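Observations on chain architecture
The chain contents come next:
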Amino acid sequence: MGIWLLRRVGQVIPTLLILSILIFGLQQLMPGDPAVILAGEERGDPAVLAQIRAELGLDRPVHEQYVIWMSKVLTGDFGFSWRIRVPVSELILAKLPVTFQLASMAFVIAILIGVPLGILSAVRKDTPADWAANGVALFGISTPNFWLGIMMILLFSVELGWLPPSGYVPLFEDPAQSLATTIMPAFVLGTGVASVLMRHTRAAMLTALSQDYVRTARAKGLRERVVVWKHALRNALIPVVTLGAIEFGRLLAGAVLTEQIFTIPGFGKLIVDAVFNRDYPVVQGVVLATALIFVVLSLIADLLYMAINPRLRNA
Amino acid sequence: MTPALEVVGLTLDFRQDGRALRVLDGVSFRVDAGRTLAIVGESGCGKSVASLAVMGLLPENATVGGAIRLAGRELTSLSREERRMLRGAEMAMIFQEPMTSLNPAFTAGEQVAEALRLHQGLDRAAAFAEAIRMLDRVRIPDAARRARQYPHQLSGGMRQRVMIAMALACRPKLLIADEPTTALDVTVQAQILALLDEMKRETGTAVILVTHDLGVVADHADEVAVMYAGRIAEQAAAATLFARPEHPYTAGLLGAAPGEGERGERLASIEGTVPDLRAPPRGCRFAPRCPFVISGCIAEPPPLAEVAPGHLSACWRAPLDTVLGQAA
Ligand SMILES: Nc1ncnc2c1ncn2[C@@H]1O[C@H](COP(=O)(O)OP(=O)(O)O)[C@@H](O)[C@H]1O
Ligand SMILES: [Mg+2]
C-alpha cells in the first residue's frame, strides 16, 4: 500500500514537471508585453519599462526565469501577482473555495440525476423510459453551457425573479443566499457530467444485471428492488465511482466558463483576469494548482476503487 | 404420496424477432421427497431452461405452459410475488458456474445469511451465525473465518459449497442442481456430489440433478429422465434405465445399441445431429437418427407411455427387447 502510493506519486512528478514547462513556454507566445501592460500610463518611457523588466526578472533568458520560478515553487512559494502585489497562493486559497463549492454542488446534482437515470434506463432497457433517459442524457451533453446558463437566467431571474442572475455570496456568510447564487450555475455545470454518469451507470448496470450472481440473487427470492439496488448496483458502482472522481476534476476545470456567465468570482474569473493582464505568476500558479488537484483526485479515485472492490482490497 | 415436484406437459416458447421458438414441448417429470432425479441429455436439449421454468427465473421473452406443482401446489397460477417468496424458501437452485454465481462484492457469509433474513426473518447477527453453521454443515473448514471472506478468496469447490449452503439454508422441498460439478476438477466433483447426497439424506430435500454425465447419474440418481430436443424421451428408475433402456436414444447414450461403437463412447456413438428447434421433425424428434425408425415414427410423435411399471418411454417401438433381439 505505502509502496503503491509512493509509486503513484513518483509517476506524477514528471507529469507535473512537463506541465510546468509547457505553461511557462506557452505563455511566452502570448501576444503583449507584460511590462508594457504593467507600466500603464508610463508605457512610453523606456526607462520605466526596463526597470519593470529588471524587477520581474523579465530581462533574463526564459530558461533562467523558469528555473528561478520552479525552485521557488518547490519551496511552496508561488510568487506575487504582478498586478495586485498579493501572494499567488493567497489568491488561490481565496478563490478555490468558491469554485470548489460550485463544482461540489454541480457534482451532487450530476450524481442525483445521472446515477438513478442510468439505473432506470438499464432496468427498463429498450422501453420508453430508457429512450427518455437517453434523450435527457443527449440533451445534457449537447447543450452548450453558455446557452443553458443564459436561458436559465432569463427564466428564473428575469421572468420569474426567483433567483439572482449573478454574483456570489460566500457559504459561511449567508448559506441560503449562497445556495441561491450558485444553484443555477451548479446545475448548468452539472448537466454534462450527469449525462456522462448516466451513460456509464447504464452500461455498468447492464453488465452487472447480466451476471450469474444476479440470477443467484433472484433464485434466493430477493425482491427485484434488492437485486437491482444491492446486488447489481454494488458492482456497477465500482467503475462509476472511479469515473466520478475524474469527472469532479473536469467540473473544476469546466467551472471557468460557467463562472464567467454568472459572474462568480472563483478560479475561472481569477485565471481569465490574469491572462488578460499578462499576470504570469497568477496564471502559472492557477494552472499548476489545478493540475495538482487533478492528480490528487485521480489518486482518490484509485483509492476509492480499491476500497469498494473487495478483489483489490484483500489481494 | 404427493411428489415434491411434478411437472406435466411443460411447454416453453421464446419470443424472438417477432417469432416464437418452442424449446420445451410437453415435458413431464416428477421427483419425490428425499430422492434424486437426474435429467440427462445433450447440450441444448432444454435441461437448463426446464430448471429455470420451475424456478420462475426465465427472462421476460419466455412463455411457459403446462403444470408445475410443488408439493401439490400449482405454481403457474401464482402471482409473481408468491412465486418469488417460494424461491430460496421452498425451492432453490445451484448453477454450473461456481466462479461467477456468487456476488464478488459481498462475503460468503453475508450471501448465505441474506436468504435466512428474508425467509426466516432472522436479524443480521442471528442470520450470520446460522450462515456460519450452514457453511460448517457443507464441510467448509474454518467456517467462521471463511464466512467473512469474499468469493475471490475461495476455490471453485468451496464456492459451490457456499452455493449449496445458501440453497439449503431455508430447508427447501426441492433443490435443482444444474450441472453443479461440470466446471470443477474431478476430485472436487466427487466431493460436491457426495455432499449433495448427504444433504439430501439429512434434509429430505428432493434433488433434481441436471447433468450430461452418465457416470454421475449411475452413482447419484434414483430416477432418470432423458431429454431429447425439448422433450422427455424416457424416464425410469436409474438401475432399470441402465439395465433395460426403452428408448433408442437412451440405448445410444449407453452405447448399448447394436452396431454402434464401444460401450462408454456415449454421445459420440449416435450418428447424426440434434434437430434444429426452428424446424423440428414432425414425428419423433429422434427419428432421423434412430436405427429402428419405421414410417409411423416420422408421421406422428410418440406419447410418453408406460412400458413397464414406473418405466416411461416415448417410442413407438417400445418395448425394445423384441426390436433389439431382431437387430442383434
Ligand atoms: N433466453 C433464451 N432465449 C432464446 N432461446 C434460449 C434462451 N435460453 C435458452 N435458449 C434455447 O433453449 C434451448 C435449450 O437451452 P438450455 O436449456 O440451456 O440447454 P441445456 O440442455 O444445454 O441446458 C437451446 O436451443 C437454447 O438456444
Ligand atoms: Mg444447461
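Residues numbered from 1 in each chain as written. Chains lettered and ligands numbered in written order. Predicted model: local features only at pLDDT ≥ 70, side-chain atom pairs only at ≥ 80, totals over all residues. Heavy atoms only, no water.

Considerations on the domain arrangement of chain B
All names here are of chain B.
- The domain boundaries assigned to chain B delineate domain 1 (5–221) and domain 2 (247–327).
- Between domain 1 and domain 2, the C-alpha centre-to-centre distance is 30 Å.
- Each partner contributes residues to the interface: domain 1 has 11 residues there, and domain 2 has 11 residues.
- Across the interface of domain 1 and domain 2, roughly 950 Å² is buried in total on both sides, 61% from carbon and sulfur atoms.
- Considering only the side of domain 1, the residues that lose the most area to domain 2 are Leu21, Glu42 and Leu214, jointly responsible for 53% of the buried surface there.
- If you look at where domain 1 meets domain 2, you find two salt bridges. (Domains from an automatic or database assignment. Contact = heavy atoms within 4.5 Å. Buried area = accessible area lost by both parts, 1.4 Å probe. Salt bridge = Lys/Arg side-chain N within 4 Å of Asp/Glu carboxyl O.)

So, the UniProt feature "transmembrane region" (unreviewed entry) in chain A
All names here are of chain A.
- Taking the UniProt record as the reference, the feature "transmembrane region" (unreviewed entry) is found at residues 12–30, 102–123, 135–158, 178–198 and 286–308.
- End C-alpha to end C-alpha, residues 12–30 measures 27 Å, and it is 89% helix and 0% strand.
- Across residues 102–123 one finds 100% helix and 0% strand; the C-alpha atoms that close the span lie 32 Å apart. (UniProt positions renumbered as here; feature names shortened; annotations may be inferred. Helix = DSSP H or I, 4+ residues; strand = E, 2+ residues; numbered from the N terminus.)

Thoughts on the sheet that holds strand S3 (residues 36–40) of chain B
Residue and element names in this part refer to chain B.
- One open sheet holds the eight strands; their spatial order is S6-S7-S8-S3-S9-S10-S12-S11, and the pairing between them is mixed. This sheet does not close on itself; its edge strands, each paired only once, are strand S6 (91–94) and strand S11 (305–308). When strand polarity is set aside, the average angle formed by the axes of neighbouring strands in this sheet is 20 degrees.
- On the sheet, helix H1 (residues 47–55) packs against S3, S6, strand S7 (174–178), strand S8 (206–211) and strand S9 (223–228) and is oriented at approximately 150 degrees with respect to S6. (Pairing = 2+ DSSP bridges. Axes fitted to C-alpha atoms, helices over the stretch in contact; angles between N-to-C directions.)

Focus on the confidence of the model for chain A
- Mean pLDDT over chain A works out to 87, with 99% of the residues at or above the 70 mark.
- By mean pLDDT, helix H13 (residues 310–313) of chain A is the weakest element of chain A at 75, and helix H9 (residues 212–219) of chain A is the strongest at 97. (pLDDT = per-residue confidence, 0-100.)

Some points on the site of ligand 1
Residues and elements named next belong to chain B.
- Near ligand 1 there are 13 residues, and of these Gly44, Gly46, Lys47, Ser48 and Val49 occur at the shortest range.
- One nitrogen or oxygen atom from the main chain of Gly44 is found 2.7 Å from an oxygen atom belonging to ligand 1.
- Take Ser48: an N or O atom from its side chain is 2.7 Å from an oxygen atom of ligand 1.
- In isolation ligand 1 offers 560 Å² of accessible surface; the protein chains occlude 68% of this area.
- Elements that contribute at least two residues to the shell around ligand 1 include exactly strand S1 (5–16) and H1.
- Ranked by residue count, the leading element in the shell around ligand 1 is H1, at three residues.
- Across the shell around ligand 1, the residue classes tally to six nonpolar, five polar and two charged. (Near = heavy atom within 4 Å. Polar contact = N/O pair within 3.5 Å; in protein donor to acceptor, adjacent residues only side chain to side chain. Areas by Shrake-Rupley, 256 points an atom, 1.4 Å probe, with all protein chains shown as cover. Nonpolar A, V, L, I, M, F, W, Y, C, P; charged D, E, K, R; others polar.)

Looking at the side chain of Glu179 of chain B
Residues and elements named next belong to chain B.
- Within the secondary structure, Glu179 sits in the loop between S7 and helix H8 (186–203).
- Buried charged residue Glu179 carries no salt bridge. Nearest counter-charge: Lys47, at 4.1 Å.
- A polar contact is formed between the side chain of Glu179 and the side chain of His212, at a distance of 3.0 Å.
- Beyond its immediate chain neighbours, meaning those up to four positions away, Glu179 contacts Lys47, Phe95, Gln96, Val210, Thr211 and His212. (Buried < 20%, exposed > 50% of the residue type's maximum accessible area, 1.4 Å probe, protein only. Lys, Arg positive; Asp, Glu negative; His and termini not counted.)

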